[in-house]
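Survey of secondary and tertiary structure
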Amino acid sequence: MPQDLPVVKPGLSYTGKRVLVTGADGFIGSHLTEALLAAGAEVRATCWYHPRQDRGWLDAIPAQPALEVVIGDIRDANTCRRWVESMDVVFHLAALIGIPYSYEAPESYLQTNLHGTFHLLEACRANLTPFVFMSSSEVYGTALQAPIDEQHPLQPQSPYSASKIGAEALVRSYWHSYGLPVLVARAFNTYGPRQSPRAIIPAVISQLAAGATELALGDLRPTRDLVYVADTCQALLHLGLSQLTDGAIVNICTGKDHRMSVVVELLQQIMGTAVPVVTDPQRLRPVHSEVMQLLGNPGLLLQRTRYLPSTSLQAGLAKTIAWFQTHPSSYSPFQYHV
């Protein structure tokens, strides 16, 4: 089976549903779009506007009658109203996600991640369109107790996480205030094909695939609960069909964490290399901003959906490596961009 082909659990059907996916041109958004199409949905997929009319990773998805690609900007209220028209459910993934860049341009994160979410919520409120918001485990900050459940205190350790915390609060306020059906999905660290080379797994793979004699990386002490992208998308599909009338917050995670140094070793083992690691200061977070441990509790996800991520780290990394090795022109392995 081709590695990019989405796998949909039998019985999980979106047939007859019209679904809006914002941020569909991105890493997770493009995979979610594929998974929804495979589940029978009619998908309106949004791309961020720029003059090149670039559709991002949506260009990897063949044109088909069930896929409508629209271009715009969630910071524009009128655009959001047009996007939401006639939709049965909205998956809101569009966001600025790069944590390093949030130190450089924090206001842009508020404009996109908070104000953009507000525009979509207002559009959904007009027709009570169910709204699934993609948040992040970064809202938890470094674990105060582990595994982290949904009641863990929120700690804004970067402007990015602060923007997500604010957007979450806004989303849930629309449930409390207007009865809008909403759900907040806090995804732990998703990895896989098409991920930005800012992230550590594609950074390692792309450097090694390009013949690096040393790996330029950041801090390898943190631990992360790593979820393969197909599993994240399946969890979102399950949550989108679940009861959204209680304003729930649900972790998407595996319940296992891995130290980054060990992940780097495993990647080298799979790729048959033994390259030394050097610390790149550009890739280090400010001392009080680094999140040292993210280990999620998937109990509520299992309770609500009877679904848990099932791809092992070894299998997920092997699939990711295979994809990167066949798409070398998509990345500049030796240039680091925040």
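Placed above this text is the structure.
Overview of the structure. (Residues numbered from 1 in each chain as written. Predicted model: local features only at pLDDT ≥ 70, side-chain atom pairs only at ≥ 80, totals over all residues. Heavy atoms only, no water.)

1. Topic: the side chain of Thr-22
Its place among the elements puts Thr-22 in strand 1 (residues 18–22). Polar contacts involving the side chain of Thr-22 include one to the side chain of His-92, which spans 2.7 Å. Excluding its chain neighbours within four sequence positions, the residues that come into contact with Thr-22 are Thr-46, Phe-91, His-92, Leu-93, Ala-94 and Leu-120. (Helix = DSSP H or I, 4+ residues; strand = E, 2+ residues; numbered from the N terminus. Polar contact = N/O pair within 3.5 Å; in protein donor to acceptor, adjacent residues only side chain to side chain. Contact = heavy atoms within 4.5 Å.)

2. Observations regarding the pattern of salt bridges
Two side chains carrying opposite charge are able to pair once their charged atoms lie near each other. Here the structure, examined in full by the defined rule, presents 13 salt bridges. A salt bridge links Arg-224 to Glu-290, with the nearest nitrogen and oxygen atoms 3.3 Å apart. Of this pair, Arg-224 sits in strand 9 (residues 223–224) while Glu-290 sits in the loop between strand 13 (277–279) and helix 9 (299–305); the two residues are 66 residues apart in sequence, bridging distant segments of the chain. We note that Arg-224, like Glu-290, is buried. Beyond isolated ion pairs, a larger network of salt bridges with shared partners links Glu-138, Arg-224, Arg-285 and Glu-290. (Salt bridge = Lys/Arg side-chain N within 4 Å of Asp/Glu carboxyl O. Buried < 20%, exposed > 50% of the residue type's maximum accessible area, 1.4 Å probe, protein only.)

3. Details of the packing of helix 8 (residues 260–271) against helix 10 (residues 313–326)
For the pair helix 8 and helix 10, the least separation of the axes is 10 Å and the interaxial angle reads 60 degrees. Compared by their axis directions, helix 8 and helix 10 come out oblique. When the axes of helix 8 and helix 10 are compared, the crossing they make is right-handed. Together, Val-263, Leu-266, Leu-267, Ile-270 and Met-271 of helix 8 and Leu-313, Gln-314, Leu-317, Ala-318, Ile-321 and Gln-325 of helix 10 make up the contact between the two elements. (Axes fitted to C-alpha atoms, helices over the stretch in contact; angles between N-to-C directions. Parallel < 35°, antiparallel > 145°, perpendicular 65-115°, else oblique. Left-handed = near helix turned anticlockwise from the far one by under 90°.)

4. Remarks on helix 4 (residues 106–125)
End to end, helix 4 covers 28 Å across 20 residues, agreeing with the expected 28 Å (1.5 Å per residue, within 8%). Along helix 4, the sharpest kink reaches roughly 25 degrees, centred on His-115. Turning to helix 4, its buried residues number three or more, namely Ser-108, Tyr-109, Thr-112, Asn-113, Gly-116, Thr-117, His-119, Leu-120, Leu-121, Ala-123 and Cys-124. Packing partners of the buried residues in helix 4 comprise strand 1, helix 2 (77–84), strand 4 (89–92), helix 3 (99–104), strand 5 (131–136) and helix 5 (159–178). (Expected span 1.5 Å × (residues − 1). Bend = angle between axes of the 7 residues up to and from the residue.)

5. Things to note about the environment of Arg-18
Along the chain, Arg-18 turns up in strand 1. Considering only alpha carbons, one finds Arg-18 and Asp-59, 41 residues apart in sequence, at a separation of 21 Å. Leaving out residues up to four positions away in the same chain, Arg-18 has contacts with Glu-42, Ser-86, Met-87, Asp-88 and Val-89. Within the structure, Arg-18 has its side chain in polar contact with the backbone oxygen of Ser-86 (distance 3.0 Å).

6. Comments concerning the sheet that holds strand 4
Spatially, 3-2-1-4-5-6-11 is the arrangement adopted by the 7 strands of the open sheet, whose pairing is parallel. Because the sheet does not close on itself, it has two edges, and the strands there are strand 3 (67–72) and strand 11 (248–252). Neighbour-to-neighbour, the strand axes of the sheet open up by a mean angle of 20 degrees, direction not taken into account. Two elements, strand 5 and strand 6 (residues 182–187), share 6 bridges in a ladder whose sense is parallel. (Pairing = 2+ DSSP bridges.)

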